[in-house]
Amino acid sequence: MNAPKNLVYYLIVFGIFAGLKFLFAALETEELTFLLYPLDFVVSILTGSSSVFQIGIGYFHQDLNIIIDKSCSGYNLWLLSFLMLSFLAIPIKKSIAGKLGLILLCFGASFILALLINSFRIYTSIFAQQYTFLQGPTIHEAIGIFINLSFLIILYLFTEKLLYKTKFQ
């Protein structure tokens, strides 16, 4: 890795990450519908449940007795995925346009991946709540931590293997 050569790009990515992270604290549930709506849509399909959006609260699924709100958005998972993918991808391109294009690609890919993984996390939590003896907020958080951390580790290993498979053989 040629860190000094790529330092500007790493700083750009970290600046985007930090800026969006600070922005999250100021965002309300309504301002996160770009994440919450597709997430709710996938959860609705997986569970067969319908929801109602309540201002200031989120998507309420009455038959499941759950609310998909700001804390369920997957925003942090999205940002961490973006940071990790970008840091892995930046060294593979030589040109400025190539590096900036990869940053944009990582931004979009991490958004889609975070939505999918977060939908799986919520579905798993719903399943655990309804069909097992595992109940309560501690189990809900433990499932979230396990799934998100597992996803990040698998994503890192897969991406590293995909990007650098020819370099190390």
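Bear in mind the structure is a predicted one, so any value in this text is a computation, not a measurement.

Each value, and the rule that gives it
- Residues numbered from 1 in each chain as written.
- Predicted model: local features only at pLDDT ≥ 70, side-chain atom pairs only at ≥ 80, totals over all residues.
- Heavy atoms only, no water.
- Helix = DSSP H or I, 4+ residues; strand = E, 2+ residues; numbered from the N terminus.
- Buried < 20%, exposed > 50% of the residue type's maximum accessible area, 1.4 Å probe, protein only.
- Contact = heavy atoms within 4.5 Å.
- Lys, Arg positive; Asp, Glu negative; His and termini not counted.
- Charge placed at Lys NZ, Arg CZ, Asp CG, Glu CD.
- Expected span 1.5 Å × (residues − 1).
- Arc of directions from axis to C-beta.
- pLDDT = per-residue confidence, 0-100.
- Core = buried A, V, L, I, M, F, W, Y, C linked by side-chain atoms within 4.5 Å.
- Polar contact = N/O pair within 3.5 Å; in protein donor to acceptor, adjacent residues only side chain to side chain.
- Patch = residues over 30% accessible without salt bridge, like charges linked within 9 Å, V, L, I, M, F, W, Y side chains within 5 Å.
- Areas by Shrake-Rupley, 256 points an atom, 1.4 Å probe, with all protein chains shown as cover.
- Salt bridge = Lys/Arg side-chain N within 4 Å of Asp/Glu carboxyl O.

(A) Quick peek at the overall build of the protein. Per the secondary structure count, the protein includes five helices and three strands. For the protein, the sequential pattern of α-helices and β-strands runs α-α-β-β-β-α-α-α. C-alpha extents for the protein along the principal axes are approximately 55 × 35 × 25 Å. When each of the 169 residues of the protein is scored for burial, the buried share is 38%. In the protein, the share of contacts with a sequence separation of at least 24, taken over all contacts with a separation of at least 6, comes to 68%. Of the charged side chains in the protein, 10 are positive and 8 negative, and the gap between their average positions amounts to 26 Å.

(B) Focus on helix α2 (residues 33–47). Across its 15 residues, α2 extends 20 Å between first and last C-alpha, which sits within 8% of the 21 Å expected from 1.5 Å per residue. Among all positions in α2, only Leu35, Leu36, Leu39, Asp40, Val43 and Ser44 are buried. Summarising the axial view, the buried residues of α2 lie within an arc of 150°, below the 170-degree limit, and thus occupy one face. Looking one or two residues beyond α2, the residue adopting positive phi is Gly48, at roughly 75°.

(C) Representation of the confidence of the model for the protein in the model. Averaged over every residue, the pLDDT of the protein is 86; the share at 70 or more is 91%. In the model of the protein, strand β3 (residues 66–68) stands out as the element of lowest mean pLDDT, 84, in contrast to helix α3 (residues 75–89), which has the highest, 94.

(D) How the structure looks around the nonpolar core. The biggest cluster of nonpolar side chains holds 43 residues, and the ones touching the most others in it are Leu32, Ile68, Tyr75 and Ile122. Of all elements in the fold, only α1 (3–26), α2, β3, α3, α4 (96–131) and α5 (137–164) reach the threshold of two or more residues within this core. Among the elements that take part in this core, α3 stands out by supplying 10 residues, more than any other.

(E) Quick look at the side chain of Lys99. Here Lys99 is to be found in helix α4. Of note is the side chain of Lys99, whose polar atom sits 2.9 Å from the backbone oxygen of Ile90.

(F) Just a nonpolar patch on the surface, in detail. Residues Val8, Ile12, Ile16, Ile96 and Leu100 make up a contiguous nonpolar surface patch of about 400 Å² in total accessible area. Going through the elements one at a time, α1 and α4 are the ones with two or more residues in the nonpolar patch. Ranked by residues supplied to the nonpolar patch, first place goes to α1 with three residues. Along the chain, the position of Ile96 falls in helix α4.

(G) Structural context of α3. The end-to-end C-alpha separation of α3 is 21 Å, in line with the 21 Å expected for 15 residues at 1.5 Å each. A large share of α3 lies buried, amounting to 12 of its 15 residues. Where α3 is concerned, the buried positions are Tyr75, Leu77, Trp78, Leu79, Ser81, Phe82, Leu83, Met84, Leu85, Ser86, Leu88 and Ala89.

(H) Summary view of unusual backbone geometry. Of note, the phi angle at Asn65 is positive, near 55°, even though the residue is not glycine. Assignment of secondary structure puts Asn65 in the loop between β2 (58–61) and β3. Classification of Asn65 as exposed rests on a relative accessible area of 58%.

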